[in-house]
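Geometric and topological summary
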Amino acid sequence: MADQRKSWRDRGLMLATLPVSALMLFFFLVPLGLTAALSFQSTKYYRVVWSWDTGTWIDVFTHGHYWSIMLQTITMALACVALCIIISLPVAYALVNRMRSVENHVKVLIVFAFLTDAVLKTFGWVLFLDRTGVMNGMLETIGFGPAATDILFNPGATLLGMVYNLLPYTIFTIYLSLARIDRDLVLAAYDAGASRLRTFWEVTLPLSRPGVIAGGVLVFVLSLGVFLESKVMGGGTSPMAAELIRQTFETRVNWPLGAALTLVVIAIGVLTLGGAGALFLHLNSRKGTA
Amino acid sequence: MTRDRLEGHLANIVLYGSVAGVLVFFYIPILTLILFSFSESRFLSFPIEALSLRWYGELFAANDFWPALRNSAVLASVSTVFATMFGIGGAIAWIRWRFRFQRFFQGLTFAPLLFPQLLLGVVMLLWFSVLGSWLDFSPGLWSAIIGHVVYITPFALVIIAVQVHGFDDTLEDAARDAGANRWQVFREITLPLIWPGVFSAAIFAFLLSWGNFYITYSLAGTARTLPTFVFSGIAVGSSPIYPALATLSFVPALLLVGLADVFRRRAAARRAAPPKSE
């Protein structure tokens, strides 16, 4: 069947795996290693001095400022995850169970929006929400005063942009896990006299858990790297870790510090992934023994 | 009215409402940009007083526009070719073969997907700068291409892997029994069978690269693509040429996504009613 054992002497295997492995090793793993090494250097007159000490790390751990930005980034990321999951669940459920005939059209529309340039979409939000933008213009024509709302340039606007740009990830992961649910289980629950709501709560929702966890983790990790939304829509009112890292490299030209902060964010992401993986295994093993 | 029916009605409102709401949400900024691109005014404020194509003209006359467009096209085309090729090989190795270090290979080729793009860009920029100071070069469009391929290959791989997953290999066996060599089997049997996946992966790759901001921003040096051109513009203040640019840059995405949908539907129709001979 499908599983073909291959030896590393096999030419097909070499052709299929070696170029891409070389690319990832040389331009992904090696740079990560270099970043780790850089964080143990120091800087003098905007130049890296290969001093091999822990000065940068002591700096990172003793400055509360960096950690409060990390904490704020994590808070924003968690809020973004929660909103994405809450919005995606009914959408994915409706796509799988109610909208078979137009399902593909809706998916195409979502994919198109997802694949459109994020800078432009973020700019589009600014034009829509601005004090003289489309929303205030429409509110004015239906009788509200001029500039009735002022939504832009605060952390809420940043969050709106993040949810906007990351929502497709949760919609699609939850959609995939719901689409795999055996319809008979749901029908069996109806037969046993469960109401729709109860069936959703006790059958569908638990079965959608892999998609919810996968999508949530993906959105969390990706939100750690956001700065477009915080700069363009948040107007710099919500300093995010990525903005801090960008400034450290570009404005302060302190590479060791930038490398160390990058590693902190990566570590937060990796710990989250590890935690989610463990949770996944735990849930699976419980299912096995139940 | 029974409680169950009431629940059913409520559920329908929530479900259909959420899909409609999400679609409106996704298209608000896109439609806003299209609307403003036809405004006559220099100021991007609503309501729009007069319509015109004036800003399209101004955009075409802007000096930085054409190089940015060219860079975007080159970057997206080259990245697509490499990411799709790596995706095909990687997906087959992921799903169909078993070999030593397979876990490591899977992890290595999937990991960039789990990285925030900015961090991926920063980490690679550090490496390119170090390489550059040793070998005396500076980052440019080519380093952005490498960055895009690293970032996009996992997407292409996953999309093609889904297609490889439902693969029936009796045809390959038959071709091999009939005396075809491995390259012939791949070209005549394997590739046509996984073609829908390859095609959607290529489109996805092109558009991810075409609209990419973070990685280009980190790695392209002084070269500008459309997204970084827009970013540097709106960072200093909005200009009426950007909505026009946005509207134009939706066109390739619209064409490609539409094309992919046509192909998908034709493939689905063919699967539903297999032709007698081909």
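Residues numbered from 1 in each chain as written. Chains lettered and ligands numbered in written order. Predicted model: local features only at pLDDT ≥ 70, side-chain atom pairs only at ≥ 80, totals over all residues.

Convention followed: UniProt positions are given in the numbering used here, feature names are shortened, and annotations may be inferred rather than shown by experiment.
As named in an unreviewed UniProt entry, chain B is ABC transporter permease, taken from Marivibrio halodurans. In its Subcellular location (unreviewed entry) section, the UniProt entry covering chain B states "Cell membrane". Quoted verbatim from the Sequence similarities (unreviewed entry) heading of the UniProt record, the comment on chain B is "Belongs to the binding-protein-dependent transport system permease family. CysTW subfamily."

Within an unreviewed UniProt entry, the label attached to chain A reads ABC transporter permease, and the organism entered is Marivibrio halodurans. The UniProt entry for chain A carries the following comment under Sequence similarities (unreviewed entry): "Belongs to the binding-protein-dependent transport system permease family. CysTW subfamily." Its UniProt record gives chain A a comment under Subcellular location (unreviewed entry), which states: "Cell membrane".

Some remarks on the overall build of chain B
The test is simple: Where helices and strands are cited, they refer to DSSP runs of H or I of at least four residues and of E of at least two residues respectively, numbered from the N terminus. As a reference, a globule follows 2.2 Å times the number of residues to the power 0.38, and the radius of gyration itself is taken over C-alpha atoms. With C-beta atoms placed from the backbone, a residue is buried if 20 or more other C-beta atoms are within 10 Å of its own, exposed if 12 or fewer are, and partly exposed between those counts. Whether two residues are in contact depends on their C-beta atoms, placed from the backbone: they are in contact if these lie within 7 Å.
Helix and strand counts for chain B come out as 11 helices and one strand. Ordered by position from the N terminus, the helices and strands of chain B form the series α-α-α-β-α-α-α-α-α-α-α-α. For chain B, whose C-alpha radius of gyration is 24 Å, the value lies well above the compact-globule estimate of 19 Å for 278 residues. Here the C-alpha coordinates of chain B stretch approximately 80 × 70 × 40 Å along the principal axes. Going through the 278 residues of chain B one by one, you find that 42% of them count as buried. Excluding contacts between residues fewer than 6 apart, the proportion of contacts in chain B whose partners are at least 24 apart in sequence is 77%.

Structural notes on the overall build of chain A
Scanning chain A from N- to C-terminus turns up 13 helices and three strands. A compact globule built from 290 residues would reach a C-alpha radius of gyration of about 19 Å, whereas chain A, at 24 Å, exceeds it by more than 25%. The dimensions of chain A, computed from C-alpha atoms along their principal axes, are 75 × 75 × 40 Å. Relative to its full complement of 290 residues, chain A shows a buried share of 42%. Look at the contacts in chain A between residues 6 or more apart in sequence, and 70% of them connect residues 24 or more apart.

Looking at the UniProt feature "transmembrane region" (unreviewed entry) in chain A
Residues and elements named next belong to chain A. Within this structure's numbering, the places UniProt gives as "transmembrane region" (unreviewed entry) are residues 12-40, 69-96, 108-128, 159-178, 207-228 and 257-281. Helix makes up 100% of residues 69-96 and strand 0%, and the two end C-alpha atoms of the span are 39 Å apart. The span residues 257-281 shows a helical share of 100% and a strand share of 0%, and its end C-alpha atoms are spaced 36 Å apart.

Digging into the packing of helix α8 (residues 183-191) of chain A against helix α9 (residues 196-207) of chain A
All names here are of chain A. Basically, it comes down to this: To obtain an axis, a line is fitted to C-alpha atoms, over the contacting stretch when the element is a helix, and the angle between two such axes runs from 0 to 180 degrees between their N-to-C directions. Note on convention: near helix rotated counterclockwise from far helix by under a right angle means a left-handed crossing. Clockwise means right-handed. Here the term charged refers only to Asp, Glu, Lys and Arg, the term nonpolar to Ala, Val, Leu, Ile, Met, Phe, Trp, Tyr, Cys and Pro, and the term polar to all other amino acids, Gly among them.
One way to put it is that α8 packs onto α9 with a least axis distance of 10 Å and a crossing angle of 145°. Taken as a pair, α8 and α9 cross one another with a handedness that is right-handed. Residue-level inspection shows Leu185, Val186, Ala189 and Tyr190 of α8 in contact with α9, the latter providing Thr199, Val203 and Thr204. A per-class count over the contact of α8 with α9 returns five nonpolar, two polar and no charged.

Description of the interface of chain B and chain A
We count it as follows: Two strands make a pair as long as DSSP finds a minimum of two bridges between them.
Contacts between the two partners involve 73 residues from chain B, matched on the other side by 74 residues from chain A. Considering each element in turn, the side of chain B that touches chain A owes the most residues, 19 residues, to helix α1 (residues 3-37) of chain B. Of the residues assigned to the side of chain B that touches chain A, the class counts are 54 nonpolar, 11 polar and eight charged. Note that strand β1 (residues 4-5) of chain A and strand β1 (residues 97-98) of chain B share two bridges and pair parallel. If you follow Gln4 of chain A over to β1 of chain B, its bridge partner there is Trp97 of chain B.

Section: the UniProt feature "transmembrane region" (unreviewed entry) in chain B
Residues and elements named next belong to chain B. UniProt tags residues 12-38, 73-95, 107-128, 140-162, 193-220 and 240-263 as "transmembrane region" (unreviewed entry). End C-alpha atoms of residues 73-95 are separated by 32 Å, and the span's content is 100% helix alongside 0% strand. End C-alpha to end C-alpha, residues 240-263 measures 37 Å, and it is 96% helix and 0% strand.

Side note on unusual backbone geometry
With a phi close to 60°, Phe153 of chain A is a non-glycine residue in the positive phi region. For Phe153 of chain A, the location among the structural elements is in the loop between α6 (134-141) and α7 (155-179).

Comments concerning the confidence of the model for chain A
As a reminder, the rule being used: For every residue, the predictor assigns a confidence score, pLDDT, that lies between 0 and 100.
Chain-level pLDDT for chain A is 87 on average; 97% of the residues reach the 70-or-more range. Looking at the elements of chain A, mean pLDDT is at its lowest for strand β3 (residues 47-49) of chain A, recorded as 80, and at its highest for helix α3 (residues 64-97) of chain A, recorded as 93.

Quick notes on helix α12 (residues 241-250) of chain A
Across the 10 residues of α12 of chain A, eight count as buried, placing the element largely inside the fold. Of all the residues in α12 of chain A, the buried ones are Ala241, Ala242, Glu243, Leu244, Ile245, Arg246, Thr248 and Phe249 of chain A.

Comments concerning helix α5 (residues 117-135) of chain B
The test is simple: Given the number of residues in a helix, its expected span is that number minus one, multiplied by 1.5 Å.
End to end, α5 of chain B covers 26 Å across 19 residues, agreeing with the expected 27 Å (1.5 Å per residue, within 8%). Two residues or fewer after α5 of chain B comes Asp136 of chain B, characterised by a positive phi angle close to 65°.

Considerations on the nonpolar core
Here is the rule: Remark: nonpolar core denotes a set of buried Ala, Val, Leu, Ile, Met, Phe, Trp, Tyr and Cys residues whose joining runs through C-beta atoms within 7 Å.
Membership of the largest hydrophobic core comes to 154 residues, with the highest contact counts inside it found for Cys80, Ala92 and Val163 of chain A together with Ala156, Ile160, Ala205 and Val230 of chain B. Of all the elements, α3 of chain A adds the most residues to this core, at 14 residues. Setting aside chain neighbours within four positions, we find Ala92 of chain A in contact with Ile171, Ile174, Tyr175 and Leu178 of chain A.

As for the confidence of the model for chain B
All names here are of chain B. Averaged over all residues, the pLDDT of chain B is 86; the fraction at 70 or higher stands at 97%. Mean pLDDT values for the elements of chain B range from 82 in helix α11 (residues 241-272) up to 94 in helix α3 (residues 65-95). Interface confidence in the predicted complex, given as ipTM, is 0.86; pTM for the same model is 0.87.

Some details on the packing of α3 of chain A against α1 of chain B
Cut-off, in case you're wondering: Here is the rule for angles: anything less than 35 degrees is roughly parallel, anything more than 145 is roughly antiparallel, 65 through 115 is roughly perpendicular, and the remaining ranges are oblique.
Across the interface, α3 of chain A lies against α1 of chain B with an axial gap of 8 Å and an inter-helix angle of 110°. On the basis of the axis angle, α3 of chain A is roughly perpendicular to α1 of chain B. Where α3 of chain A abuts α1 of chain B, its residues Ile87, Pro90, Val91, Tyr93, Ala94 and Leu95 of chain A lie against Val14, Leu15, Tyr16, Ser18, Val19 and Val22 of chain B. The class makeup of the residues in the contact of α3 of chain A with α1 of chain B is 11 nonpolar, one polar and no charged.

Quick look at the environment of Ile171 of chain A
Residue and element names in this part refer to chain A. Summarising the element assignment, Ile171 is placed in helix α7. For the pair Ile171 and Val108, spaced 63 residues apart in sequence, the C-alpha to C-alpha distance is 13 Å. For Ile171, the contacting residues outside a window of four places in its chain are Ser88, Val91, Ala92 and Ile110.

Section: the environment of Leu226 of chain B
Residues and elements named next belong to chain B. Among the structural elements, Leu226 can be located in helix α10 (residues 226-236). Exposure remark for Leu226: the 27 C-beta atoms within 10 Å place this residue in the buried category. Considering only alpha carbons, one finds Leu226 and Pro67, 159 residues apart in sequence, at a separation of 9.0 Å.

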